[in-house]
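Chain by chain, the residues:
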Amino acid sequence: MPALSSTMTEGKIVSWVKSEGDVLSKGEAVVVVESDKADMDVETFYDGILAAIVVNEGESAPVGAPIGLLAETEDEIAEAKAKAAAQSSSAPATSAPKVEEPAPVAAKVEAPAPAPTVAAGPATPGKVVATPYAKKLAKQHKVDINKLAGTGPFGRITPEDVEKAAGIAPAPKANVAAPVAQAVAAPAASSPKAAASFPEIPGSHVVPFTTMQAAVSKNMLESLSVPTFRVGYPIATDALDALYEKVKPKGVTMTALLAKAAAMALVQHPVVNSTCKDGKSFTYNNSINIAVAVAINGGLITPVLQDADKLDLYLLSQKWKELVEKARAKQLQPQEYNSGTFTLSNLGMFGVDRFDAILPPGQGAIMAVGASKPTVIAGKDGFFSVKNKMLVWSCMDMCKTDASSASIFSAYPDNRYLVNVTADHRIIYGADLAAFLQTFSKIIENPESLTM
Amino acid sequence: MQASVSSLPTPHRPHSIIRSNSNPSFRSCGLRKEAFGFQSLSQFLNRESRWIRIFPTNPRSRRQFVFSASASASAADNGSQLPTSFDYDLVIIGAGVGGHGAALHAVEKGLKTAIVEGDVMGGTCVNRGCVPSKALLAVSGRMRELQNEHHLKALGLQVAAAGYDRQAVADHANNLASKIRGNLTNSLKALGVDILTGFGTIVGPQKVKYGKVGLSDNVITAKDIIIATGSVPFVPKGIEVDGKTVITSDHALKLEIVPDWIAIVGSGYIGLEFSDVYTALGSEVTFIEAMDQLMPGFDPEIGKLAQRVLINPRKIDYHTGVFATKITPAKDGKPVIIELIDAKTKEPKDTLEVDAALIATGRAPFTKGLGLDNINVETQRGFVPVDERMRVIDAGGNPVPHLYCIGDANGKLMLAHAASAQGISVVEQLTGKDNVLNHLSIPAACFTHPEISMVGLTEPQAREKAEKEGFEISIAKTSFKANTKALAENEGEGLAKLIYRPDNGEILGVHIFGMHAADLIHEASNAIALGTRVQDIKFAVHAHPTLSEVLDELYKSAKVNSDITKPVSEPVSV
């Protein structure tokens, strides 16, 4: 980080003019740095190849710290990259990556769609034609544009094609030319699938999805292609509550307790942690990564507690706190929200006693935790009661709800909560899930093992 | 912009140097020529070549001059005596902004004035230029604001999706043009300026013929004549304009289509403004620029910042250092095809396939059919040669009495307000007050979001001048980030730059990129016009909090060595 003024102590990278792999010549502007005074172009003093970017756009670094590595030859690029990786992993907490909007609900990178047959090809045969924005997106998401099949006019590659290949939710189209006169008359024409059967309600207005909401919508639709089923199980929580009281002063959260318990149960039932990717096979996941659904700013995101079975309660609690903070600041890295192998969803804080969750694409099962009930209600579908204290804790993690209403029902001796698990029946069968829930309930009812 | 590359500076020939040295007023032209050698606004004219061609460059043209002189003498004989009384004191050919400005001033000075217009009143600016484009840019600016979710959120605003109705936007532009045209016509009528309909032709000294095709011509006499016929979009050869998929600004302003992907040939003012409009309305844009850098006319630092804000984050890519040699409109199920060659090697470089192409390579003078042959005036690549007082220069290098040319037709500075200023300068001279317009005090603006504006020299021009004349220059810069009003608007992106002489505080140039830059430049252009020095203007008070404080900061950060205010220097002529 160069000192751009006498008073500058640290600088923020506004944008990288060049990308990794670009060949630089002396005097070329490489990066734009925001100092305490202004944005300035920083030029390179040497010829070479920009091997690695250490400080990303939007991040800050103190004056004198390396922000990117320049390689003299191509051979040095790998070495430089390794160095850069080492540096960024030990990067100080001051870094504030802005990156893209976190894609919610375990958005998985999907394989590029098979090339549709295009009637009209480019006027110049064999030429790859991509629009300016498509090229920009491809560079940003590191998509090889030459491998894409364009679906636009004249076979050109459109931004949507690149987004599809990169597995990101398409950004809401900036401005749909919707003449006022036609807006009322032609909703059916503009979206023939859905709008046709919906009558126009006077005074309604349309708010398009944010990127995050669009991704949720896409993921939810995708879940329809998976044959799911649900199994419920009531679990007594008195022992867990007692344990929680003990570990709470040490910073352990209920989310961590539940995630840890689920992870420990998954160790014994690897099939519940598996995924069906192609409809033909089981994909057993090595890691047990517990994704936990968080409602945030009108959206939904699933920060992931990675290797929840291996980390102890204290580390998990710490990790969870960090993830929630990052989610709030929209700073989650993709692997922090899309690497889940099993999801936990908790609506207990709203007083919901039971619900069933929709299975996120790419996972085998999701667990829905309801509110505590002071009394046991036996039913065929089964449901769980969760102690209020627990729920309030969840609230504090996610919604900053007041904890004062904590122990309304604590006088009741046998608090239970009802756990409902939704699973992909192609790979997880009823007995698998039942056995898993049995193990899980044993862990919750005898929670000492959680602290080990 | 391509045209600027194609023009070649004519080398000085000994003869012309002798001539110019023999005439003091021309020498001052030569001096001004240096300052304007790389003038950003003269995209498609080359002052070097034009200025030199004013003078006869070889003996042959001298002979021609003699011959022509006798020819015009005989013409005068045929047409009886030169008129002694005139129909009008002043006849202006062309009712654009230049002609309008001249007419208003002429009436104020008591001249009996007529204005001849063969097309619609108002000329390019009002009908096919500045005015309708501002309407489109007003739309694009609002679209940008409404689409910038991040920005709105930062202000605490929530807005549902912004959409637009193309026809309604086009109507807004058209209605604005009609309204301004009406205002302009009415103002002329109210002042008693005769509006003569038809194309004007100069048939002899102080004589103008006008009339519509198929109708009988009228001939009128005038004590003085001003040519203000303006310009038309310049289309390089090889480009086939069909008005639908391959268009010029004339078509684009009607906004008949908003293509998904449009190539814009030329990244000057016109191209840049249209890229702002098209990207705000959802198009993707590809720039084709003959020079090695986008926006070659702007101060390099401003250009860099503008590229970072106006080009890079938008759905725009570009090809620089290339000529579009052939552009074929979309037809037979094929898209618009653009063939590019390397500007230097002339090797074929690439072929683009887009939905539409906008040709924004500059403007060419509209001077055909003016009858300049009748008075022995030769145009230079279409431009009417003039001296620094806008007097038309004939093929012999002498001013033609009672004939002036202003605006785009003379090509000095192709801006509407420059034409008007030149017209006013001419009227001043006609009414007995010598006046030479300082073109370096004329501001220019590009109405992108945010805007770009400038007056005077760019940094490289100033450095060149400083080196030649042996003085130092200094640069002062301020950021909009430090301005309260800009921050309140959440529009901190911007830069103001002052180029000045530290020895005497003379302002050489000011360049602004940022919110409302086009409105902010006038404090600087007025300072240059009036010869105000930095050390004086820094004491002027600016209201707080306003964007004008960006300039206040700028003046205050300038370091002038001598605090002694020197008398205002002589206005420099062009």
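So, how was this worked out
- Residues numbered from 1 in each chain as written.
- Chains lettered and ligands numbered in written order.
- Predicted model: local features only at pLDDT ≥ 70, side-chain atom pairs only at ≥ 80, totals over all residues.
- Heavy atoms only, no water.
- Buried < 20%, exposed > 50% of the residue type's maximum accessible area, 1.4 Å probe, protein only.
- Helix = DSSP H or I, 4+ residues; strand = E, 2+ residues; numbered from the N terminus.
- Contact = heavy atoms within 4.5 Å.
- Buried area = accessible area lost by both parts, 1.4 Å probe.
- Salt bridge = Lys/Arg side-chain N within 4 Å of Asp/Glu carboxyl O.
- Polar contact = N/O pair within 3.5 Å; in protein donor to acceptor, adjacent residues only side chain to side chain.
- Nonpolar A, V, L, I, M, F, W, Y, C, P; charged D, E, K, R; others polar.
- UniProt positions renumbered as here; feature names shortened; annotations may be inferred.
- Pairing = 2+ DSSP bridges.
- Right-handed = clockwise from strand over helix to strand, strands pointing away.

**Examining helix 2 (residues 132-140) of chain A**
- Buried within helix 2 of chain A are the following residues: A:Pro132, A:Ala134, A:Leu137 and A:Ala138.
- Looking at the buried residues of helix 2 of chain A, the elements they touch are helix 3 (159-166) of chain A together with strand 9 (261-265), strand 10 (284-289) and strand 11 (316-320) of chain B.
- Following helix 2 of chain A by one or two positions, A:Lys142 has its phi on the positive side, about 55°.

**As for the side chain of B:Thr245**
- With respect to the secondary-structure elements, B:Thr245 resides in the loop between strand 7 (231-233) and strand 8 (246-248).
- With residues near it in sequence (within four places) discarded, B:Thr245 still touches B:Pro329, B:Ala330, B:Val336, B:Asp355, B:Ala356 and B:Ala357.

**Let's talk about the interface of chain B and chain A**
- Listed by partner, the interface residues are 38 residues for chain B and 34 residues for chain A.
- Both faces considered, chain B and chain A share a buried interface measuring about 2,600 Å² in area, 51% of it formed by carbon and sulfur atoms.
- One can count 2 salt bridges joining chain B with chain A.
- A salt bridge links A:Arg156 to B:Asp355, with the shortest nitrogen-to-oxygen separation between them at 2.9 Å.
- For the pair chain B and chain A, the interface holds 8 residue pairs in polar contact (both at pLDDT 80 or more).
- Looking at the side of chain B that touches chain A, the elements that each hand over two or more residues are helix 8 (130-147), helix 9 (149-155), strand 10, helix 13 (300-311), strand 11 and strand 14 (348-354) of chain B.
- If one sorts the elements of the side of chain B that touches chain A by residue count, strand 14 of chain B sits on top with 4 residues.
- Here the side of chain B that touches chain A is composed, by residue class, of 15 nonpolar, 8 polar and 15 charged.

**Focus on the UniProt feature "domain: Peripheral subunit-binding (PSBD)" (unreviewed entry) in chain A**
- UniProt annotation of "domain: Peripheral subunit-binding (PSBD)" (unreviewed entry) refers to residues 129-166 of chain A when read in the numbering used here.
- Along residues 129-166 of chain A the backbone is 45% helical and 0% strand, and the end-to-end C-alpha distance reaches 18 Å.

**Side note on the pairing of strand 13 (residues 336-342) of chain B**
Residue and element names in this part refer to chain B.
- Counting buried positions over the 7 residues of strand 13 gives 6, a clear majority of the element.
- As paired elements, strand 12 (residues 322-328) and strand 13 share 6 bridges and run antiparallel to each other. Within the sheet, the bridge partner assigned to Phe323 lies in strand 13 and is Ile341.
- Bridge count for strand 13 against strand 14 is 6 bridges, and the pairing is antiparallel. Residue Ile341 lies in a different strand from strand 14, and its bridge partner there is Pro348.
- Between strand 13 and strand 14, which follow one another and run antiparallel, lie 5 residues, and Lys346 among them has a positive phi close to 65°.

**Considering the pairing of strand 9 of chain B**
All names here are of chain B.
- Extensive coverage of strand 9 is indicated by the burial of 5 of its 5 residues.
- Note that strand 9 and strand 10 share 5 bridges and pair parallel. Note on strand 10: the bridge partner recorded for Trp261 is Glu284.
- Each parallel crossover has a hand, and the one from strand 9 via helix 12 (residues 269-280) to strand 10 is right-handed.
- When strand 9 meets strand 15 (residues 356-359), the two strands line up parallel, connected through 4 bridges. The residue bridging Ala263 from the neighbouring strand is Ala357, located in strand 15.

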